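As a plain string of letters, each chain reads:
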Amino acid sequence: MNWREIILGEAFRVKHGFAFKSQYFSESGQFVVLTPGNFHEEGGFRSRPSKDRFYSGDIPEDYVLNEGDLIVAMTEQGPGLLGSSALVPEGGKYLHNQRLGLVQNLDSKLLDKRFLYHLLNTRPVRSQISGSASGTKVRHTAPERIYRVKAYVPSDVTEQQRIAAVLSAYDDLIGNNRRRIQLLEQAARLLYKEWFVHLRFPGHEHAKIREGIPEGWEKKHLSQIFNTQYGFTESAKNEPVGPKFLRGTDINKTSYIDWSTVPFCPEKNLNFQKYKLEVDDILVIRMADPGKVAIIEREVKAVFASYLIRLSRKQGVDIPALYLFHVLADDQYQRFISGASGGATRKSANAKLVVDFNILVPPTTLVQLFISQVQPIREQIQVLLQANSRLRESRDLLLPRLMNGEVAI
């Protein structure tokens, strides 16, 4: 196989997105405004059903994306996102926002689009994009900087297509598992709402309502249930220099923790026993995205960062942690935290606020029935997460070897 060096600007152009006006953002609608948050750090499209923003204003036709469009994150909205690329999964739905670049005028004699998608997500290319970025707090790239990136590619586009097909097979499996995880998340969330928000729990037809709640249920203040603790202040490291270091960015997009993507915490100055995470701990974000929650569902050597508050059940409290997690993840609690959090430009909450909320506690038999149905769902999510972790490891080992010609197809 013959390889040659190219400068990316020889093969395509990058189009800036449109500055959609925030006053037209909404929680529902036909069109989704994409952001760098819609990219996975390692590349690939991320759908965010609970966080995606819709647009109700006038939309320039040229900024509605088509299926298969190749887009690039031009702003480092989160760690590792700068330069990440993704293929748009559906046409006529997603909007090309200003912080994204759209690959256009691709010379198909030089580069195959799917090969370019994988190429943009390789370490050599991403490091060149990162190295030329500007900005201190939030880093940005620009089309002109991407054009200067150099890469080695197979001279024969057919070989590029073969490489892309192998890598895409891994991506397809990972994507299928992610979709299954989303469906499982939704099933657990809807079951909680049906039983404990809409009060259509098993036997509700015969339940007596007293003072607005079913007989046998009681109200409890979260401060009666939880002890609170702030996390450890340190900078995360990608190298395995200590335990895993759970941050707000690791829990603000999903109802589960993907430990394979969580960075590490240096052990210097760390009181591990004080900040060690235990099974059934619940973590609440207190800064930037206050109220978002996660639950520790398996044993892992990990500590938690200072933007998080640990909620651990007080001695004598026998309410299952998984039920409490769903209470806190529900819209009622989320609206309370969002409305009560202070800060003009960056919302924040403190430990006192996150437990200043009354919840309904059903009878033990009903809670246990809920747990018996939700626990297998959560366990299946963990199985799929670990499967995806293994698939990513295999793909990421193969990616550079395919891209530098070490492994031939």
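These notes cover the structure that comes with them.

Reading the values: the criteria
- Per chain, residue numbering runs from 1 following the sequence as it is written.
- This being a predicted model, a pLDDT of at least 70 is required before a residue's local features are given, and a value of 80 or more before pairs of side-chain atoms are given or counted; all residues contribute to the totals for chains, interfaces and linings.
- Side-chain descriptors were evaluated using all non-hydrogen atoms of the structure, hydrogens and water having been removed beforehand.
- A helix here means a DSSP run of H or I that spans at least four residues, while a strand means a run of E at least two residues long, and both kinds are numbered starting from the N terminus.
- Only C-alpha atoms enter the radius of gyration, while the globule expectation follows 2.2 Å times N to the 0.38, with N the number of residues.
- Only protein chains enter the accessibility calculation, which uses a 1.4 Å probe. A residue is then buried if its area is under 20% of the maximum for its type, exposed if over 50%, and partly exposed in between.
- Whether two residues touch is decided by their heavy atoms; if any such pair falls within 4.5 Å, the residues are in contact.
- Neither His nor the chain termini are counted; the positive set is Lys and Arg, and the negative set is Asp and Glu.
- In this description, the location of a charge corresponds to atom NZ of lysine, CZ of arginine, CG of aspartate or CD of glutamate.
- Here, expected helix span is obtained from the residue count minus one, scaled by 1.5 Å.
- Think of it this way: the bend at a residue is just the angle between two axes, each fitted to seven residues, one set ending at that residue and the other starting at it.
- Note on aromatic contacts: the rings of Phe and Tyr and the six-membered ring of Trp form a pair at centre separations within 6.5 Å, being stacked when their planes are under 30 degrees apart, edge-to-face when over 60 apart, and tilted otherwise.
- Look at NZ for Lys and CZ for Arg. If either is within 6 Å of the ring centre and within 35 degrees of the ring normal, a charge sits over the ring.
- We treat two strands as partners when DSSP finds at least two bridges between them.
- Between N-to-C directions, angles cover 0 to 180 degrees, with each direction set by a line fitted to C-alpha atoms, over the stretch in contact for helices.
- Any Lys or Arg side-chain nitrogen found within 4 Å of a carboxyl oxygen on Asp or Glu counts as a salt bridge.
- These descriptions rest on fixed angle ranges, namely under 35 degrees for roughly parallel, over 145 for roughly antiparallel, 65 to 115 for roughly perpendicular, and the rest for oblique.
- Throughout this entry, Asp, Glu, Lys and Arg are counted as charged residues, while Ala, Val, Leu, Ile, Met, Phe, Trp, Tyr, Cys and Pro are counted as nonpolar. The remaining residues, Gly among them, count as polar.
- Take the buried residues of types Ala, Val, Leu, Ile, Met, Phe, Trp, Tyr and Cys, join any two whose side-chain atoms come within 4.5 Å, and each joined set is a nonpolar core.

## Remarks on the overall build of the chain
When its secondary structure is counted, the chain shows ten helices and 20 strands. Here the C-alpha atoms of the chain give a radius of gyration of 23 Å, agreeing with the 22 Å that 2.2 N^0.38 yields for 409 residues. For the chain, the C-alpha atoms occupy an extent of roughly 75 × 50 × 40 Å along the three principal directions. Relative to its 409 residues, the chain shows a buried fraction of 49%. Restricting the contact set of the chain to residue pairs at least 6 apart, pairs at least 24 apart contribute 77%. Charged side chains of the chain number 54 positive and 45 negative; the gap between the two group centres comes to 4 Å.

## Here's the deal with helix α10 (residues 364–403)
Look at α10: 57 Å from first C-alpha to last across 40 residues, which is about the 58 Å you get at 1.5 Å a residue. At Val374, α10 shows its maximal bend, which comes to roughly 30°, and the proline Pro376 appears one to four places after that position. Just downstream of α10 lies Gly405, where phi reads positive at about 85°.

## Notes on the packing of aromatic side chains
Tallied over the full model, the rule gives 21 aromatic pairs. Centroid distance Tyr24 to Tyr55: 5.9 Å. Interplanar angle 70°. Geometry classified as edge-to-face. With Tyr24 in the loop between β2 (13–16) and β3 (25–26) and Tyr55 in strand β5 (residues 53–55), this pair connects stretches of sequence that are 31 residues apart. The class of Tyr24 is partly exposed, set by a relative accessible area of 35%. Here the guanidinium or amino end of Arg13 rests over the ring plane of Tyr147, the centre of that ring lying 3.9 Å away. The aromatic ring of Tyr63 is capped on one face by Lys15, whose charged end is 4.2 Å from the ring centroid.

## Topic: the sheet that holds β3
Read from one edge of the open sheet, four strands run β3-β5-β4-β8, paired in mixed fashion. Both edges of this open sheet fall to β3 and β8 (94–95), since each of them pairs with a single strand only.

## Some remarks on the sheet that holds strand β6 (residues 70–73)
The sheet built from four strands is open, its strands ordered β2-β9-β6-β7 with antiparallel pairing. Because the sheet does not close on itself, it has two edges, and the strands there are β2 and β7 (85–87). Neighbour-to-neighbour, the strand axes of the sheet open up by a mean angle of 35°, direction not taken into account. Here three bridges tie β6 to strand β9 (residues 100–104), and the two strands are oriented antiparallel to one another. Note that in β9 the partner of Val72 across the bridge is Gly101. Set on the sheet, helix α1 (residues 113–120) makes contact with β6, β7 and β9; between it and β7 the angle comes to about 150°.

## Here's the deal with the pattern of salt bridges
Between side chains of opposite charge, pairing is possible as soon as their charged atoms come close. Going through the model one piece at a time under the given rule, you end up with 15 salt bridges. Between Glu297 and Arg378 there is a salt bridge, with its nearest N and O atoms 2.7 Å apart. Here Glu297, found in the loop between β17 (293–295) and β18 (302–304), pairs with Arg378, found in helix α10; they are 81 residues apart in sequence, far enough to count as distant. By relative accessible area, Arg378 is classed as buried at 2%. Residue Arg395 is joined to Asp396 by a salt bridge in which the shortest nitrogen-to-oxygen separation is 3.1 Å. Judged by its relative accessible area of 7%, Arg395 is buried. For Asp396, a relative accessible area of 37% gives the class partly exposed. Residues participating in the shared-partner salt-bridge network are Asp171, Arg395 and Asp396.

## Let's talk about the packing of helix α4 (residues 157–197) against helix α7 (residues 321–329)
At a closest axis distance of 11 Å, the pairing of α4 and α7 adopts a crossing angle of 85°. In terms of their interaxial angle, α4 and α7 are classed as roughly perpendicular. Here α4 contributes Ala188, Tyr192 and Phe196 to the contact with α7, which in turn contributes Tyr323, His326 and Val327. Split by residue class, the contact of α4 with α7 holds five nonpolar, one polar and no charged.

## Brief notes about the nonpolar core
In this structure, Leu222, Phe226, Leu311, Tyr323, Val354 and Phe370 are the most contacted members of the largest nonpolar core, which totals 47 residues. Counting residues per element, this core draws most heavily on α10, which supplies nine residues. Sequence-distant contacts of Tyr323, defined by excluding residues within four places in its chain, comprise Tyr192, Phe196, Leu360, Val361, Pro362, Val367, Phe370 and Ile371. Leu8, Leu70, Ala133 and Leu399 belong to the second-largest nonpolar core, a separate cluster that totals 33 residues.

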